[in-house]
Amino acid sequence: MGAIVYGHFTDELDLLEAVKELQSKGIQIADVRTPFPVHGLDAVLKFPRSHLPKVAFIAGVIGGSLGLLFQVWVFTKGWPLNFGGKPHLSLPSFVPVTFELTVLFAAFAMGIAFLLRSNLGPGKIPDILDEEVTNDHFQIILSAKNNNLAEVELAEALAATGALDVKQVNEKK
């Protein structure tokens, strides 16, 4: 069982430089935790593009289609009413409900997909190494089993990038 080495940064630009420096030394970064999104971090870590926009689009199309089809069915077959001589199939009047169902389905699908993909949800205990990350610190986490270096060497490499308070903990299963 390996160890986890992590260090803190107080500035997002220092964090980005440290990630680049560690990667140039061939050290694999297990995780980077930030209190807010850091622009450019996903590109530096070479993360693939998220599939959430695709999920939102597909769910939005399903929601909008179901809303439109339901309204068409209700006003033409299920419960046709004569509103002042207007036609039963009046598409402009269906736009607000169709739009709202598109947004509703897309929002719920993105939220559920994010929670499932992130392994978050009710009953999940977060793995927080240090409470400061939830406030105003940035954290780089290195795993000894992912790198061919000892914990001491990883700690020295992390400290050389300007990390504050470099610590080691045993990795959980």
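Look up a bit, the structure's there.
Reading guide: rules and limits
- Residues numbered from 1 in each chain as written.
- Predicted model: local features only at pLDDT ≥ 70, side-chain atom pairs only at ≥ 80, totals over all residues.
- Heavy atoms only, no water.
- Axes fitted to C-alpha atoms, helices over the stretch in contact; angles between N-to-C directions.
- Helix = DSSP H or I, 4+ residues; strand = E, 2+ residues; numbered from the N terminus.
- Left-handed = near helix turned anticlockwise from the far one by under 90°.
- Nonpolar A, V, L, I, M, F, W, Y, C, P; charged D, E, K, R; others polar.
- 1 Å grid on protein atoms, 1.4 Å probe; cavity = no way out; pocket = protein on both sides within 12 Å on 5 of 7 lines; lining within 4 Å.
- Points joined across faces, edges and corners; volume = space filled by probe spheres on them.
- Buried < 20%, exposed > 50% of the residue type's maximum accessible area, 1.4 Å probe, protein only.
- Pairing = 2+ DSSP bridges.
- Phe/Tyr/Trp six-rings, centres within 6.5 Å; stacked < 30°, edge-to-face > 60°.

So, the packing of helix α3 (residues 52–78) against helix α4 (residues 91–117)
In the contact formed by α3 and α4, the axes pass within 7 Å of each other and the chain directions differ by 145 degrees. In this structure, α3 meets α4 at a crossing whose hand is right-handed. Taken together, the residues that form the contact of α3 with α4 break down as 19 nonpolar, 8 polar and no charged.

Some details on the layout of surface pockets
Once rolled over the atoms, a probe with the size of a water molecule shows which space is left empty. The calculated volume of the largest pocket comes to roughly 1,700 Å³. Lining the largest pocket are 38 residues, and of these D31, F47, F114, R117 and S118 lie nearest its centre. Of all elements in the fold, only β2 (31–33), α2 (41–44), α3 and α4 reach the threshold of two or more residues within the lining of the largest pocket. Grouping the amino acids of the lining of the largest pocket by side-chain chemistry returns 21 nonpolar, 10 polar and 7 charged.

Brief notes about the pairing of strand β1 (residues 3–9)
Where burial is concerned, most of β1 is hidden: 7 out of the 7 residues are buried. Along β1, one buried face is formed by A3, V5, G7 and F9 and the opposite face, lined by I4, Y6 and H8, is buried too. Sheet topology places β1 next to strand β4 (residues 164–170); 5 bridges connect them, and they run antiparallel. Directly across from I4, in β4, lies its bridge partner V169.

Notes on the packing of aromatic side chains
Pairs of aromatic rings are described using the distance from one ring centre to the other and the angle between the two planes. This model, assessed by the stated rule, comprises 3 aromatic pairs. On the numbers, 5.4 Å between centres and 85 degrees between planes, the contact of F36 with F138 is edge-to-face. Taken together, the positions of F36 in the loop between β2 and α2 and F138 in strand β3 (residues 138–143) put the pair 102 residues apart, joining distant regions of the chain. With relative accessibility at 3%, the residue F138 sits in the buried group. Pairing F75 with F94 gives two aromatic rings, centres 5.6 Å apart and planes at 15 degrees, and the pair type is stacked. With a gap of 19 residues between them, F75 in helix α3 and F94 in helix α4 connect regions that are remote in the sequence. Look at F75 and you get partly exposed, because its relative accessible area is 28%. With a relative accessible area of 2%, F94 lands in the buried category.

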